[in-house]
Amino acid sequence: AREESNGGPHDATVVRWLEGKSFGFVRRVSGGGDLFAHASALPPGAPTPQKGDAVSVLVGVDRGGRVACTSVTPTGGPGPSEGGSITLPCFSMNMPFAGLVAHGRKTLETRNGTMFERATGPRV
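The model shown is predicted, which means the values in this text are computed figures rather than measured ones.

Trainee: Can you tell me about the overall build of the chain, naming the residues and giving the values?
Mentor: Within the chain one finds one helix and six strands. Of the regular secondary structure in the chain, the N- to C-terminal order runs β-β-β-β-β-β-α. Here the chain, with 124 residues, has 23% of them falling under the buried criterion. Counting contacts in the chain only where the partners sit at least 6 residues apart, residues at least 24 apart contribute 45% of the total.

Quick look at the structure:
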């Protein structure tokens, strides 16, 4: 494959990867259509690209004369088209309190006090 003459590496995002077929498609951040990327364009030992991964690509022309990626290098993390952030499940003990504050049942001043009545009876 020969290189395109429009500059060096381009920032791109993986839009689809078919692991069983060892190829996928990326989209340059600067715009344009999806570009074909074959697993042979990845560096040796690189992880399998996932949808949303940020990559750096060199664009060229394949043996059939089609525009394709000649090099695909993972740059780590989600790409710009994915918002640059990830969502992880989490739990916080403050979530119930925040809900009470949001619905006017508690105020921030009551945060340091107890929400429950003191238990009575013999100590065990």
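So much for the structure itself; the text now carries on.
Trainee: Lay out the pairing of strand E5 (residues 53-61) in plain terms, naming residues and giving numbers.
Mentor: Within E5, seven of the nine residues are buried, leaving the element largely enclosed by the surrounding structure. Strand direction decides the pairing type here: strand E2 (residues 10-18) and E5, joined by four bridges, are antiparallel. Bridge pairing in E5 places Ala-12 opposite Val-55.

Trainee: Outline the packing of aromatic side chains, listing residues and values.
Mentor: Inspection of every chain in the model, using the stated rule, returns three aromatic pairs. A centroid spacing of 6.0 Å and a plane angle of 90 degrees characterise the contact between Phe-23 and Phe-25, whose relative ring orientation is edge-to-face. For Phe-25, a relative accessible area of 19% corresponds to the buried category. When the centroid spacing of 6.0 Å and the interplanar angle of 70 degrees are considered together, the rings of Phe-25 and Phe-36 count as edge-to-face. Of this pair, Phe-25 sits in strand E3 (residues 23-28) while Phe-36 sits in strand E4 (residues 34-38); the two residues are eleven residues apart in sequence, bridging distant segments of the chain.

Trainee: Mind laying out unusual backbone geometry, listing which residues take part and the relevant values?
Mentor: The phi torsion at Ser-22 lies on the positive side, around 60 degrees, for a residue other than glycine. Tracing the sequence through the fold places Ser-22 in the loop between E2 and E3.

Trainee: Please set out the nonpolar core residue by residue, giving values where relevant.
Mentor: Membership of the largest hydrophobic core comes to 13 residues, with the highest contact counts inside it found for Val-26, Ala-37, Val-55, Val-57, Cys-69 and Val-72. Only E2, E4, E5 and strand E6 (67-78) provide two or more residues apiece to this core. Every residue in contact with Val-57, bar those within four places of it in the chain, is listed here: Gly-8, Pro-9, His-10, Ala-12, Val-26, Cys-69, Ser-71 and Val-72.

Trainee: Any chance you could break down the confidence of the model for the chain for me, citing the residues and the numbers?
Mentor: On average, residues of the chain score 75 in pLDDT, and 57% of them reach the 70 mark or higher. The least confident element of the chain, judged by mean pLDDT, is strand E1 (residues 2-3) at 48; the most confident is E3 at 94.

Trainee: Break down the environment of Gly-60 for me, citing the residues and quoting the values.
Mentor: Within the secondary structure layout, Gly-60 lies in strand E5. The spatial distance from the C-alpha of Gly-60 to the C-alpha of Thr-70 is 5.7 Å, given a sequence separation of ten residues.

Cut-offs and rules
Residues numbered from 1 in each chain as written. Predicted model: local features only at pLDDT ≥ 70, side-chain atom pairs only at ≥ 80, totals over all residues. Heavy atoms only, no water. Helix = DSSP H or I, 4+ residues; strand = E, 2+ residues; numbered from the N terminus. Buried < 20%, exposed > 50% of the residue type's maximum accessible area, 1.4 Å probe, protein only. Contact = heavy atoms within 4.5 Å. Pairing = 2+ DSSP bridges. Phe/Tyr/Trp six-rings, centres within 6.5 Å; stacked < 30°, edge-to-face > 60°. Core = buried A, V, L, I, M, F, W, Y, C linked by side-chain atoms within 4.5 Å. pLDDT = per-residue confidence, 0-100.

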